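For reference, the chains in residue letters:
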Amino acid sequence: MFSIVILVHLYGCLAMYNRHNCVWMEIIMSNILRTKCVIVGNCTVGKTALSQTFLSDGRQFSKNYNMTFGVDLKVKTLSIPDSNDTVELFIYDSSGQDVHNNCLSKYWHEPNILMAVFDVTSELSLDSVSHWVALVRSTIPQKAASTTPGVLFGNKTDLVDRRVVSPKTGSTMAEKLGLMYFEGSAKENQGIEEPFFLLAHEWHKLYSEKKTAFDLIA
Amino acid sequence: MGEVEELALESRGCVVSYSSSSCGSYDECSKIIDGQRNTYWCTTGLYPQVFILTFPNPVIISSVKIRSYFVRLISLEKSSAESPQRFEYVCETELDVTDHCHQVESLHEAKFIARHLRFTIKSGYDHICAVYRVEVHGVQNKSGGDEIRDDETDIPESVGLVTTPKRQAGRN
């Protein structure tokens, strides 16, 4: 039977005494980095489906269309390999309806990372990505805007027959906007985690860089 | 009445009783009051961010200064209750952006009595920001302690932010 009896603050870290084994155990605490990730794109490209599949690890995919009003906020924690850090992603799944355009930036003021989504079966949704990215970037403070990591995601790749946007067109657009290109299918749970992991990783990297900058001017 | 001196120092019994984020060790935030200008506490993303300084006794504060980087809008609140609660607004300042050097700014210059000071960083010029030092000048309020304690009776529990750093650590 485990009986952990004492919890003390020892040499700047938490230590725990395990009476059963008569040993002191150090509790390693992870740093939690928090980041605001906004998902934007035209309506019905699958932004909500994408975030839902990611959040439920592919267990949940809604077959019906549920229009998002304003913004939905979801949180998922990812741990960064080879480090003591975890990244808490605050996912702001925004509505793609034009009527909400004016108030969207109020909901996700100053995001840290962005994900633009388009539908590979609709050229129009790819064309409006640049407008969405500009909208997000306009709310980020000047100093941070150039370093904001972003991803362009082509959704619905399971619809092979109806596909009109080639991966090449997608990645050209991503390059033009300074984003990284990914594609996959929320329905089939293909390629969903990669862009989020990449963004969490980029945020972790960015954080370390900023911290070095703080050290330098100390 | 004693001389005006620097109060926000660990060696004077001041503690950071709450901070909304910490990176590295969990008492990272004490670097704000370690008396050195080259150590810092930095936020871990998102705004607002909060930290509370608690003095061992109520003190008469005459000025509050901050040394930071990339902080934009910061507000200061005071409380003279036993525990950090029932905060009252003192001031709100928008700091200027600096490039490769610290922001050194005076937040407040008038006299007031407080036991706790709550700093809320409402926005920043970058994704994260850092606080290197907070300087609180004032006198230890030895005689005036009683009159302040008078209005301390019947403080309702669970008012305001009373989370301790330990509780935050428990999440992990």
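Structure report, in brief. (Residues numbered from 1 in each chain as written. Chains lettered and ligands numbered in written order. Predicted model: local features only at pLDDT ≥ 70, side-chain atom pairs only at ≥ 80, totals over all residues. Heavy atoms only, no water.)

A look at the overall build of chain A
- Broken down by element type, chain A carries seven helices and nine strands.
- Per-residue burial for chain A yields a buried fraction of 49% across its 218 residues.
- Long-range contacts, defined as pairs at least 24 residues apart, comprise 67% of the intrachain contacts of chain A with a sequence gap of at least 6.
- With the model as given, the accessible surface of chain A reaches about 11000 Å², and the carbon-plus-sulfur share is 54%. (Helix = DSSP H or I, 4+ residues; strand = E, 2+ residues; numbered from the N terminus. Buried < 20%, exposed > 50% of the residue type's maximum accessible area, 1.4 Å probe, protein only. Contact = heavy atoms within 4.5 Å. Areas by Shrake-Rupley, 256 points an atom, 1.4 Å probe, with all protein chains shown as cover.)

Regarding helix α4 (residues 129-137) of chain A
Residues and elements named next belong to chain A.
- Looking at α4, one finds that the buried residues are Val129, Trp132, Val133, Leu135 and Val136. Viewed end-on, α4 has its buried residues packed into an arc of 160°, placing them on one side of the element.
- Along its buried surface, α4 packs onto β4 (31-40), α2 (101-107), β7 (113-119), α3 (123-127), β8 (150-155) and α6 (167-177). (Arc of directions from axis to C-beta.)

Section: unusual backbone geometry
- Residue Pro48 of chain B is reached from Tyr47 of chain B by a cis peptide bond, and omega for that bond is 0°.
- Its place among the elements puts Pro48 of chain B in the loop between β3 (41-42) and β4 (49-69).
- One non-glycine residue with positive phi stands out, namely Glu110 of chain A, at about 50°.
- With respect to the element layout, Glu110 of chain A can be found in the loop between α2 and β7.
- Unusually for a residue other than glycine, Leu46 of chain B sits at a positive phi of about 70°.

Some points on the nonpolar core
- Counting residues in each nonpolar core, the largest one holds 68 residues, and the members touching the most others are Leu53, Val64, Leu117, Phe119 and Val134 of chain B.
- Broken down by element, this core gets its largest block of residues, eight residues, from β4 of chain B.
- With 26 residues, the next largest nonpolar core counts Tyr92, Val133 and Val165 of chain A together with Leu46 of chain B among its residues. (Core = buried A, V, L, I, M, F, W, Y, C linked by side-chain atoms within 4.5 Å.)

Points about the pattern of salt bridges
- Following the criterion strictly, the structure yields 16 salt bridges over all chains and no others.
- For Glu6 of chain B, the salt bridge identified is with Arg133 of chain B, shortest N-O distance 2.6 Å. Taken together, the residues Glu6 of chain B in strand β1 (residues 5-6) and Arg133 of chain B in strand β9 (residues 130-140) connect sequence positions 127 residues apart.
- According to the relative accessible area criterion, Glu6 of chain B is buried, its value standing at 14%.
- Shared partners join several salt bridges into a network, and the residues in it are Lys211 of chain A together with Glu28 and Lys31 of chain B. (Salt bridge = Lys/Arg side-chain N within 4 Å of Asp/Glu carboxyl O.)

A word on the side chain of Glu6 of chain B
Residues and elements named next belong to chain B.
- A polar side-chain atom of Glu6 sits 2.6 Å from a polar atom in the side chain of Arg133.
- Polar contacts involving the side chain of Glu6 include one to the main-chain amide nitrogen of Val136, which spans 3.2 Å.
- Those residues in contact with Glu6 that lie beyond four places of it in its chain are Arg12, Arg133, Val134, Glu135, Val136 and His137. (Polar contact = N/O pair within 3.5 Å; in protein donor to acceptor, adjacent residues only side chain to side chain.)

Side note on the sheet that holds strand β9 (residues 180-183) of chain A
Residue and element names in this part refer to chain A.
- Pairing in this open sheet of six strands is mixed, and the strands run β5-β6-β4-β7-β8-β9 from one edge to the other. Both outer strands of the open sheet, β5 (71-79) and β9, are each paired with one neighbouring strand and no more. Strand-to-strand twist across the sheet, computed as the mean angle between neighbouring axes with direction ignored, equals 25°.
- Bridge count between β5 and strand β6 (residues 85-94): nine bridges; the pairing is antiparallel. (Pairing = 2+ DSSP bridges. Axes fitted to C-alpha atoms, helices over the stretch in contact; angles between N-to-C directions.)

Quick word on the interface of chain A and chain B
- Contact residues are listed per partner, giving 31 residues for chain A and 36 residues for chain B.
- Per-residue buried area on chain A facing chain B is highest for Lys143, Phe214 and Ile217 of chain A; these three make up 26% of the total on that side.
- On the surface where chain A and chain B come into contact, there are two salt bridges.
- Here Glu28 of chain B ties to Lys211 of chain A by a salt bridge, and the two come within 4.0 Å at their closest N and O atoms.
- Elements with a contribution of two residues or more to the side of chain A that touches chain B: β4, β6, α5 (142-145) and α7 (193-216) of chain A.
- Sorting elements by how many residues they give to the side of chain A that touches chain B places α7 of chain A first, with seven residues. (Buried area = accessible area lost by both parts, 1.4 Å probe.)

Side note on the packing of aromatic side chains
- Enumeration according to the criterion identifies nine aromatic pairs over all chains in this entry.
- Measuring from centroid to centroid gives 5.3 Å for Trp41 of chain B and Phe51 of chain B, while their planes differ by 70°, and the two rings are edge-to-face. Taken as a pair, Trp41 of chain B in strand β3 and Phe51 of chain B in strand β4 lie far apart in primary sequence, 10 residues in all.
- Ring plane angle 15° and centroid distance 4.9 Å describe the contact between Phe51 of chain B and Phe119 of chain B, whose orientation is recorded as stacked. Here the residue Phe51 of chain B occupies a position in strand β4, and Phe119 of chain B occupies one in strand β8 (residues 112-124), the gap between them amounting to 68 residues. Residues Phe51 of chain B and Phe119 of chain B agree in their burial class; the two are buried.
- Grouped by ring-pair contacts, the aromatic residues Phe214 of chain A together with Tyr40, Tyr69, Phe70 and Tyr132 of chain B constitute a single cluster.
- Against the face of Phe54 of chain A rests Lys76 of chain A, its NZ or CZ located 4.6 Å from the ring centre. (Phe/Tyr/Trp six-rings, centres within 6.5 Å; stacked < 30°, edge-to-face > 60°. Lys NZ or Arg CZ within 6 Å of the ring centre and 35° of its normal.)

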